[in-house]
Amino acid sequence: MKDILVNAIGDQCPVPVVKAMKALGQMQEPGVLEVLVDNEVAVQNLSRFAGSKGLKAAAEKLEEKKFSVKITVDQLPEVSAQEEAPACAPDVRGNYVVAIASDTMGSGDDALGTTLMKGFIYAVSQQEQLPQAILFYNGGAKLTVEGAVSVEDLKSMEAQGVEILTCGTCLNFYGLTDKLAVGTVTNMYNIVEKLTTAAKVVRP
């Protein structure tokens, strides 16, 4: 396994995807192709490019204006030297927010509810149109902390521009203030503002 790092910070679309295509075509063995970029739309385009090749991409926001897209190459795909890069797509975020008030989905069996919530968050991350924000409050705050099963999916959406916002009062109540692993802490005023200005609110 060989890992390759491509620095596309400062490059505008379609250059990051072109660089990724070139690096992928030069790979001689399976490994991880990591591309560094400085904007969410580049993350979205790289993720779509990976999907078009049947490859898995994991995105993460490293710091302000710095994102990492890791493309796992288990089997080398065919990449033609004459192949054109996919057209630059616009921002895929829609004018809706997701509000999550529990770490389980539905009522009944908690183990089943945990599985359903994990599946729900993953399904949201795979939508063609991502939400503007995902709000976590009450028991939902447990989903954004260290060790939570959906943290990687949330990090991927954050890198694509989705705001991941967790109620600070809720984190404090559950003793998780220092355990936040993705997104930022928010307050009830901001939660209400996000809910009232969104065209649509989705609640699992």
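Please refer to the structure placed before this passage.
All values reported here derive from a predicted model rather than from experimental measurement.

Asker: It is not clear to me how the overall build of the chain should be interpreted in this structure. Could you clarify?
Answerer: If you tally the helices and strands in the chain, you get 6 helices and 9 strands. For a compact globule of 204 residues, the expected C-alpha radius of gyration is about 17 Å, and the chain comes in at 18 Å, within 12% of that figure. Viewed in the frame of its principal axes, the chain has a C-alpha envelope of about 55 × 35 × 30 Å. Across the 204 residues in the chain, those meeting the buried criterion constitute 42%. In the chain, the proportion of contacts linking residues at least 24 apart, taken out of those at least 6 apart, comes to 73%. Side chains of the chain carry 18 positive and 25 negative charges; the gap between the two charge centres is 1 Å.

Asker: Can you walk me through helix H4 (residues 151-159) in this structure?
Answerer: Count 3.6 residues to each turn of an α-helix, and residues three or four apart come out pointing the same way. Burial of H4 is extensive: 7 of the 9 residues sit out of reach of the surface. For H4, every residue scored as buried is listed here: Val 151, Leu 154, Lys 155, Ser 156, Met 157, Glu 158 and Ala 159. Buried residues along H4 sit against helix H2 (40-52), strand S3 (56-63), strand S4 (66-73), helix H3 (110-125), strand S6 (133-136) and strand S7 (163-167). Where H4 ends, the next residue or the one after it, Gly 161, has phi of about 100 degrees, a positive value.

Asker: Looking at this model, I keep getting lost on the packing of H3 against H4. Mind explaining?
Answerer: A pair of packed helices can be characterised by two numbers: the angle between their axes and the separation between those axes. Two elements in contact, H3 and H4, have axes whose closest approach is 9 Å; the angle formed by their N-to-C orientations is 25 degrees. With respect to H4, the element H3 is oriented roughly parallel. The handedness of the crossing between H3 and H4 comes out as left-handed. Residues Ile 121, Tyr 122, Val 124 and Ser 125 of H3 pack against Asp 153, Leu 154 and Met 157 of H4. A class-by-class count of the residues in the contact of H3 with H4 yields 5 nonpolar, 1 polar and 1 charged.

Asker: I would appreciate a short explanation of the sheet that holds S4 in the present structure.
Answerer: Neighbouring strands of a sheet are bound in pairs by backbone hydrogen bonds; such pairs are parallel or else antiparallel. Reading across from one edge, S1-S2-S4-S3 is the order of the 4 strands in this open sheet, with mixed pairing throughout. A single partner strand is all that each edge strand has here, and the edge strands are strand S1 (4-7) and S3. The average undirected angle you get between the axes of adjacent strands in this sheet is 20 degrees. Relative to S4, strand S2 (residues 31-37) runs antiparallel, the two sharing 7 bridges. Within S4, the residue paired with Leu 36 across the bridge is Ser 68. Its contacts with the sheet place H2 against S2, S3 and S4, and it is angled at close to 5 degrees to S4. Strands S3 and S4 of the sheet are contacted by H4, whose axis makes an angle of about 70 degrees with S3.

Asker: Sorry if this is basic, but what is going on with the environment of Lys 61 here?
Answerer: Structurally, the position occupied by Lys 61 is in strand S3. Take Lys 61: its relative accessible area is 28%, and that puts it in the partly exposed class. In this structure, the C-alpha to C-alpha distance between Lys 61 and Val 201, residues 140 residues apart in sequence, is 25 Å. Not counting residues within four places of it along the chain, the set of residues in contact with Lys 61 comprises Lys 66, Phe 67, Lys 155, Glu 158 and Ala 159.

Asker: Got a minute to help me understand the sheet that holds S6 in this structure?
Answerer: Judged by pairing direction, the sheet is parallel, and its 5 strands sit side by side in the order S8-S7-S6-S5-S9 without closing on themselves. Here the strands that pair on one side only, and so sit at the sheet edges, are strand S8 (184-186) and strand S9 (200-202). On average, each strand axis in the sheet is tilted by 30 degrees relative to the strand beside it, whichever way the strands run. Strands in contact with helix H6 (residues 188-197) are strand S5 (96-100), S6, S7, S8 and S9; relative to S7, the strand with the most contacts, it is inclined by about 135 degrees.

Conventions we followed
Residues numbered from 1 in each chain as written. Predicted model: local features only at pLDDT ≥ 70, side-chain atom pairs only at ≥ 80, totals over all residues. Heavy atoms only, no water. Helix = DSSP H or I, 4+ residues; strand = E, 2+ residues; numbered from the N terminus. Rg over C-alpha atoms; globule rule 2.2 N^0.38 Å. Buried < 20%, exposed > 50% of the residue type's maximum accessible area, 1.4 Å probe, protein only. Contact = heavy atoms within 4.5 Å. Lys, Arg positive; Asp, Glu negative; His and termini not counted. Charge placed at Lys NZ, Arg CZ, Asp CG, Glu CD. Axes fitted to C-alpha atoms, helices over the stretch in contact; angles between N-to-C directions. Parallel < 35°, antiparallel > 145°, perpendicular 65-115°, else oblique. Left-handed = near helix turned anticlockwise from the far one by under 90°. Nonpolar A, V, L, I, M, F, W, Y, C, P; charged D, E, K, R; others polar. Pairing = 2+ DSSP bridges.

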